[in-house]
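Examining the three-dimensional arrangement
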Amino acid sequence: MIDLKPVQWVKHIAVHPFEGFENMRWKKSGSIKIAFFIVFLLFLSLIAKERFYGFQFHSSYDKTFNIIPFISGSIIIFTAWVIGNWSVCTLLDGEGTMKNICIYSAYALVPYIAQNFINTVLSHLLIRDEFVFMQAIEIIGVCWTALLLFSAVKSVHQYTFRKTVLAIILIMASIMIMFILLVLFLALIQQIYNFILTVYTEISYRVRV
Amino acid sequence: MTYESYNYDKWHEAVPSQAGYIAECSVSGCDLGTEDFNNISDIFYAHNDIFYIVDSGNNRIVAIDSDFDNVVGVYDKFMMPDNSETTLKNPTGIYILAENNCMYIADNGNSRILISDLNGNIIKEITKPDSEIYSQDKTFLPQKVIADKAGNIYVVLNNITTGAAMFSSDGDFTGFYGANRVEPTAQIIRNYLTDIFVSDEKKSRRIRNIPTGITSFDIDGDFIFTCTSSSSQKTDTVKKLNAAGDNIFSDSQITFGDYTPMYDTSQNRLLAPAIVDIDISEDGNINCLDFTTGRIFQYDKDCNLLFITGTSSDQLGGFGNVSAVESSGDKLYVTDSMRNTVTVFSETDFGKIVHEASELYNSGYYEEALQPWQEVLKRDGNYRQAYIGVALGYLRKGDYENSMKYAKLADDSDIYNKAFEGWRNDFIKSNFRKILMIIFTVLFFVVSFRRFRNRRRNND
């Protein structure tokens, strides 16, 4: 049937939103290296959007640059999605392994990343009156990625349409729970840290006297 | 200059700046050869080049000449129309109308407005209006008074939050003018929602949502500028009202005073701005006097911040409790009701250039303003308004490349957008052939490459 190189699979999936993932699954293709590279590209595209956007559309705060929001907006969210996906779908009789979920989800991100880069370039060529074109590209990119993500979940676990919808809702909920737990955990750690710090200060004062 | 002057950059953060005004001297009653002032509450520069200072504690009004070194008159007794004598009691505001040479005095302690000629003969006395609109259980305590060209009188009252009381030139009460809006805080929205369910009895016991009243105002031609000193209020701290009482500044999101209230560690409180007085200078600049920090914030007609002058410390140009600000020519006069002095600020060279540039700029002479703005930038590279001025000047001249550069420095994306549009048009016009050639060559190569590939595939 189709014989493609690993990089060609990315293109194949992007232009075949419905049967692309099924074909890839059939061929047992997909590379984890490329998946990681795509996530890294997502991270870069977010930075490009914030820092290299045309000035007429967006002005950034130049005094400091904080990289944490970009890491959490790309890599951490992606990790949360993959972990949530795996933990939910293991319970829902999904067939995907952690590795496959990671690969399929990352491949689905390509249109969104492309949209970010295309708009970053276009923002230097267009004026505000022509913003509609950029908006259109953005909407298309986001919808396309959403469609691909849906298709990815469907084919990696071999679900029916209805089960996929259910799974995606549960994945979203699990991501929420993860973040809430994370915040709670961080708050707790901070409390403990403060406690230890005060004890240490107290002791160090006593010892000196 | 003994205190550091500052201005705000494009991200609304304070940056060091050149001073627009420096304190020249501080004048007390003694210096002028009269009894020391006691609690100065207002100052007014009249059309006859005389300053009128309201000396509340001494129940008098002192007239001082334009050089600010001689007393030319002291008003403490007035002649009523029936030839009886009357005195002031804690006067708090004064206004002199050029059209009829009359003095309008807010006589707070006697609950009345006095209209007198410049010799102290009272023409009219306005007391608490006997009207249904004016709630009779409220006292009548005039705080500040102004009059417009037609002789209509506007009075700020201490305990009235529904705006300034308005009187016709005959002294008849005609209504209220320019009330502040209630700030839409979360609590007010909550109250609004609970009001649907709560009984009337309960409602009446709750603190009502009323806006803070006007603190002071000034008139400039057809517009009345009001200020409100409540430091908890964020909206409507400074308003520009037209004849109908509509606020022209209401749509623009401008913060008057300091952008971020500073935390004062020595007093353990936030220094939220409280604009106690406002003054419109002859060239239309708006001077706002901030009580908390003792600073005068000067804005141009379009509310762009020009200068921040003054401080709250024990030095020349520092204040205890500022009470009023007045301008004449290139000078600013600020009264201090605690130290009972009037401090005279005079414009620096830098201030002069900025004023010149901003006046040209605000009248639409962007190209003419280009040179003075560039001079401003030579002296102070932190001055944001100058970057905007230069960017607009270049834009008007058609020098789009420089305009883009300065618009970027000023963080003004509107100007940048226009300049970029012009630059792009120029670029396309001058390089149209090259662009077409590049497009055609690329298309040619793509098409021939595809043909070549297809042929090879078919051969395979």
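Up top you'll find the structure we're talking about.
Here goes a summary of the coordinates provided. Predicted model, so just to flag it, every value in this text is computed and none were measured.

1. As for the interface of chain A and chain B
- Taken residue by residue, the interface counts 13 residues in chain A and 14 residues in chain B.
- Summing both partners gives a buried area of about 1300 Å² for chain A against chain B, and 52% of it is carried by carbon and sulfur.
- The largest contributions to the chain A side of the interface with chain B come from Phe 55, Ile 127 and Arg 128 of chain A, which together make up 48% of the buried area.
- Here chain A is connected to chain B by 4 salt bridges.
- Put simply, Asp 414 of chain B and Arg 128 of chain A hold a salt bridge, and the shortest N to O gap is 2.5 Å.
- The interface formed by chain A and chain B contains 9 residue pairs in polar contact (both at pLDDT 80 or more).

2. Here's the deal with the sheet that holds strand 11 (residues 102-107) of chain B
All names here are of chain B.
- The strand order across the open sheet formed by 4 strands is 10-11-12-13, and the pairing between neighbours is antiparallel. If you trace the sheet from one side to the other, it starts and ends with strand 10 (91-97) and strand 13 (122-126), each paired once. Strand-to-strand twist across the sheet, computed as the mean angle between neighbouring axes with direction ignored, equals 15°.
- Two elements, strand 11 and strand 12 (residues 112-117), share 6 bridges in a ladder whose sense is antiparallel. When the bridges of strand 12 are listed, Tyr 104 appears paired with Ile 115.

3. Section: the pairing of strand 17 (residues 173-177) of chain B
Residue and element names in this part refer to chain B.
- In the sheet, strand 16 (residues 164-167) pairs with strand 17 via 4 bridges, with the strands oriented antiparallel. By the bridge assignment, Met 166 is partnered in strand 17 with Gly 175.
- Following strand 16, the chain reverses through 5 residues before pairing antiparallel with strand 17; Gly 171 in that reversal takes a positive phi of roughly 95°.

4. Details of helix 4 (residues 68-91) of chain A
All names here are of chain A.
- If you check helix 4, its first and last C-alpha atoms are 33 Å apart, about what 24 residues at 1.5 Å a residue would give, namely 34 Å.
- Its maximal kink placed at Ile 76, helix 4 deviates by approximately 30°.
- All of the buried residues along helix 4 are Phe 70, Ser 74, Phe 78, Ala 80, Trp 81, Val 82, Gly 84, Asn 85, Val 88 and Cys 89.
- On its buried face, helix 4 sits against helix 3 (32-51), helix 5 (98-108), helix 7 (131-157) and helix 8 (161-208).
- Just downstream of helix 4, Asp 93 is the residue with a positive phi angle, here 60°.

5. A few points about the packing of aromatic side chains
- Within the structure shown, the criterion is met by 39 aromatic pairs over all chains.
- Between Tyr 52 of chain B and Tyr 75 of chain B the ring centres are 6.1 Å apart and the planes differ by 40°, which places this aromatic pair in the tilted class. Placement of Tyr 52 of chain B in strand 5 (residues 50-55) and of Tyr 75 of chain B in strand 7 (residues 71-75) is noted, with a sequence separation of 23 residues between them.
- Taking relative accessible area as the criterion, Tyr 52 of chain B reaches 2% and is therefore assigned buried.
- Their ring planes at 70° and their centres at 5.9 Å tell us that Phe 444 of chain B and Phe 445 of chain B sit as a pair that is edge-to-face. Across the pair, Phe 445 of chain B and Phe 444 of chain B agree in class, each one exposed.
- Taken together, the ring pairs connect Phe 55 of chain A together with Tyr 416, Phe 420, Trp 423 and Phe 427 of chain B into an aromatic cluster.
- Seen from the ring of Phe 223 of chain B, Lys 240 of chain B lies directly overhead, with NZ or CZ sitting 4.5 Å from the centre.

6. What to know about the sheet that holds strand 7 of chain B
All names here are of chain B.
- Strands sit in the order 4-5-6-7 across an open sheet of 4 strands; the sheet is antiparallel. Strands at the two margins of the open sheet, each flanked by one partner only, are strand 4 (40-45) and strand 7. Within the sheet, the average angular offset between the axes of one strand and its neighbour, ignoring direction, is 20°.
- Across 6 bridges, the pairing between strand 5 and strand 6 (residues 60-65) is antiparallel. Bridge assignment links Asp 55 to a residue of strand 6, and that residue is Arg 60.

7. Details of the pattern of salt bridges
- Summed over all chains, the structure comprises 14 salt bridges over all chains.
- We note a salt bridge from Glu 375 of chain B to Arg 379 of chain B, for which the minimum N-O separation is 3.2 Å. In this pair, Glu 375 of chain B and Arg 379 of chain B are both assigned in helix 4 (residues 366-379), 4 residues apart and thus about one turn of the helix distant.
- Given a relative accessible area of 38%, Arg 379 of chain B falls into the partly exposed group.
- Shared partners join several salt bridges into a network, and the residues in it are Lys 63 of chain A together with Asp 9 and Glu 13 of chain B.

8. Quick notes on the nonpolar core
Residue and element names in this part refer to chain B.
- Within the largest apolar cluster, 47 residues are counted, with the highest numbers of intra-cluster contacts made by Tyr 52, Ile 94, Met 103 and Tyr 104.
- When sequence neighbours within four positions are dropped, the list of residues in contact with Tyr 52 reads Asp 42, Ile 43, Phe 44, Ala 46, Ile 61, Val 62, Ala 63, Tyr 75, Ile 94, Ile 96, Met 103 and Leu 118.
- Counting residues in hydrophobic clusters, the runner-up holds 44 residues, among them Tyr 361, Leu 377, Ile 388 and Phe 420.

9. Here's the deal with unusual backbone geometry
- One non-glycine residue with positive phi stands out, namely Lys 28 of chain A, at about 55°.
- By secondary structure assignment, the location of Lys 28 of chain A is in the loop between helix 2 (20-27) and helix 3.
- Despite not being glycine, Asn 101 of chain B shows a phi value in the positive range, around 55°.
- With respect to the helices, strands and loops of the structure, Asn 101 of chain B is situated in the loop between strand 10 and strand 11.

10. Re the environment of Phe 65 of chain A
Residue and element names in this part refer to chain A.
- Tracing the chain through its elements places Phe 65 in the loop between helix 3 and helix 4.
- In this structure the C-alpha to C-alpha distance between Phe 65 and Arg 51, which are 14 residues apart in sequence, comes to 9.3 Å.
- Sequence-distant contacts of Phe 65, defined by excluding residues within four places in its chain, comprise Ile 47, Arg 51 and Phe 70.

11. Description of the environment of Thr 341 of chain B
All names here are of chain B.
- Mapped onto the elements, Thr 341 comes out in strand 29 (residues 341-347).
- On the basis of relative accessible area, Thr 341 is assigned to the buried category, the value being 13%.
- Along the primary structure Thr 341 and Asn 108 are separated by 233 residues, whereas in three dimensions their C-alpha atoms are 21 Å apart.
- Ignoring any residue separated from it by four or fewer positions in sequence, one finds Thr 341 in contact with Ser 26, Val 27, Ser 28, Ile 40, Val 334, Thr 335 and Asp 336.

12. Focus: the pairing of strand 24 (residues 286-290) of chain B
Residue and element names in this part refer to chain B.
- Among the 5 residues that make up strand 24, 5 are buried, leaving the element largely enclosed by the rest of the structure.
- The alternating pattern of strand 24 places Ile 286, Cys 288 and Asp 290 and Asn 287 and Leu 289 on opposite faces, both of which are buried.
- Of the strand pairs in this sheet, strand 23 (residues 275-280) and strand 24 are connected by 5 bridges, and their pairing is antiparallel. Following the sheet pairing, Asp 279 is matched in strand 24 by Asn 287.
- Here strand 23 folds back onto strand 24, and the loop between the two strands holds 5 residues, one of which, Gly 284, carries a positive phi near 90°.

Calculation rules
Residues numbered from 1 in each chain as written. Chains lettered and ligands numbered in written order. Predicted model: local features only at pLDDT ≥ 70, side-chain atom pairs only at ≥ 80, totals over all residues. Heavy atoms only, no water. Contact = heavy atoms within 4.5 Å. Buried area = accessible area lost by both parts, 1.4 Å probe. Salt bridge = Lys/Arg side-chain N within 4 Å of Asp/Glu carboxyl O. Polar contact = N/O pair within 3.5 Å; in protein donor to acceptor, adjacent residues only side chain to side chain. Pairing = 2+ DSSP bridges. Helix = DSSP H or I, 4+ residues; strand = E, 2+ residues; numbered from the N terminus. Axes fitted to C-alpha atoms, helices over the stretch in contact; angles between N-to-C directions. Expected span 1.5 Å × (residues − 1). Bend = angle between axes of the 7 residues up to and from the residue. Buried < 20%, exposed > 50% of the residue type's maximum accessible area, 1.4 Å probe, protein only. Phe/Tyr/Trp six-rings, centres within 6.5 Å; stacked < 30°, edge-to-face > 60°. Lys NZ or Arg CZ within 6 Å of the ring centre and 35° of its normal. Core = buried A, V, L, I, M, F, W, Y, C linked by side-chain atoms within 4.5 Å.

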